[in-house]
Amino acid sequence: MATKGTQAETVIRAQKFARIIASGGRRSDCVRLATENWGVGERAVDKYLSLAREQLKADWDVERPQMVADLLSQCSTLQMEARRAGQYHIALGAINTAAKLASLCS
């Protein structure tokens, strides 16, 4: 039987689950990881998943103008890196996406 994890372990496990979810993983992937590596059951997994989902929600809980600014910055960086690498189709895609985010075109 698994021992109760420390608060630090709980945070680390929830962060691991958040990465799994963000990468497209499912609850069953989290259950498998937890039982194989940590020896915990589904009740503990659900607790970690709840914390992980709170973390993910907090990551995206920003005002729309801030989100647009963040995405425009990412498009700009991607566009510059793509130009340096000679991947002009990627650069053009980043430019088009930035224009859509800025509501310059549809």
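This structure is a prediction, so every number in the text was calculated from the model and none was measured.

S.K.: Which parts of the structure should I look at to understand the nonpolar core?
M.R.: Most often, soluble globular proteins keep nonpolar side chains buried together rather than apart. Counting residues in hydrophobic clusters, the biggest one holds 12 residues: Phe17, Ala18, Ile20, Cys30, Val31, Leu33, Ala34, Val40, Val45, Tyr48, Leu49 and Ala52. Among the secondary structure elements, those contributing two or more residues to this core are helix H1 (7–22), helix H2 (27–38) and helix H3 (42–60). Here valine 45 is in contact with Phe17, Cys30, Val31, Ala34 and Val40, once residues within four sequence places are set aside.

S.K.: What is the right way to read the packing of H1 against H3 from this model?
M.R.: For any two helices packed against each other, the geometry comes down to the angle between their axes and how far apart the axes lie. One way to put it is that H1 packs onto H3 with a least axis distance of 8 Å and a crossing angle of 70 degrees. Taken together, H1 and H3 sit at an angle that is classed as roughly perpendicular. As H1 runs across H3, the sense of the crossing is right-handed. Judged by residue contacts, Thr10, Val11, Arg13, Ala14, Gln15, Phe17, Ala18, Ile21 and Ala22 of H1 engage Val45, Lys47, Tyr48, Leu49, Leu51, Ala52, Arg53, Gln55 and Leu56 from H3. Residues of the contact of H1 with H3, tallied by class, amount to 12 nonpolar, three polar and three charged.

S.K.: So what exactly am I meant to see when it comes to unusual backbone geometry here?
M.R.: Trans is the common state for peptide bonds, and a negative phi is the common state for residues other than glycine. Residues other than glycine seldom take positive phi values, yet serine 103 does so here, at roughly 60 degrees. Structurally, serine 103 is set in the segment after helix H5 (88–101). Judged by its relative accessible area of 62%, serine 103 is exposed.

S.K.: Please explain the pattern of salt bridges as it appears in this structure.
M.R.: Two side chains that carry opposite charge are able to pair once their charged atoms sit near each other. In total, this model carries four salt bridges according to the counting rule given. Linking glutamate 42 and arginine 27 is a salt bridge whose minimum nitrogen-to-oxygen distance equals 3.1 Å. Taken together, the residues span a long stretch of sequence, with glutamate 42 in helix H3 and arginine 27 in helix H2 at a distance of 15 residues. Assessed through its relative accessible area of 45%, glutamate 42 is described here as partly exposed. With a shortest N-O distance of 3.0 Å, arginine 27 and aspartate 46 are connected by a salt bridge. Of this pair, arginine 27 sits in helix H2 while aspartate 46 sits in helix H3, placing them 19 residues apart in sequence. When its relative accessible area of 34% is taken as the criterion, arginine 27 is described as partly exposed. Residues joined in a network through salt bridges with shared partners are Arg26, Asp29 and Arg32.

S.K.: Honestly, the packing of helix H4 (residues 64–84) against H5 in this entry has me stumped. Any pointers?
M.R.: Here H4 crosses H5 at 160 degrees, and the two axes come no closer than 8 Å. With respect to their mutual orientation, H4 and H5 come out roughly antiparallel. H5 is crossed by H4, and the crossing has left-handed handedness. Each of Val68, Leu71, Leu72, Cys75, Leu78, Gln79, Ala82 and Arg83 in H4 lies in contact with H5, whose residues at this interface are Tyr88, Ile90, Ala91, Ala94, Ile95, Thr97, Ala98 and Leu101. In terms of residue class, the contact of H4 with H5 is built from 13 nonpolar, two polar and one charged.

Procedures and definitions
- Residues numbered from 1 in each chain as written.
- Predicted model: local features only at pLDDT ≥ 70, side-chain atom pairs only at ≥ 80, totals over all residues.
- Heavy atoms only, no water.
- Core = buried A, V, L, I, M, F, W, Y, C linked by side-chain atoms within 4.5 Å.
- Buried < 20%, exposed > 50% of the residue type's maximum accessible area, 1.4 Å probe, protein only.
- Helix = DSSP H or I, 4+ residues; strand = E, 2+ residues; numbered from the N terminus.
- Contact = heavy atoms within 4.5 Å.
- Axes fitted to C-alpha atoms, helices over the stretch in contact; angles between N-to-C directions.
- Parallel < 35°, antiparallel > 145°, perpendicular 65-115°, else oblique.
- Left-handed = near helix turned anticlockwise from the far one by under 90°.
- Nonpolar A, V, L, I, M, F, W, Y, C, P; charged D, E, K, R; others polar.
- Salt bridge = Lys/Arg side-chain N within 4 Å of Asp/Glu carboxyl O.

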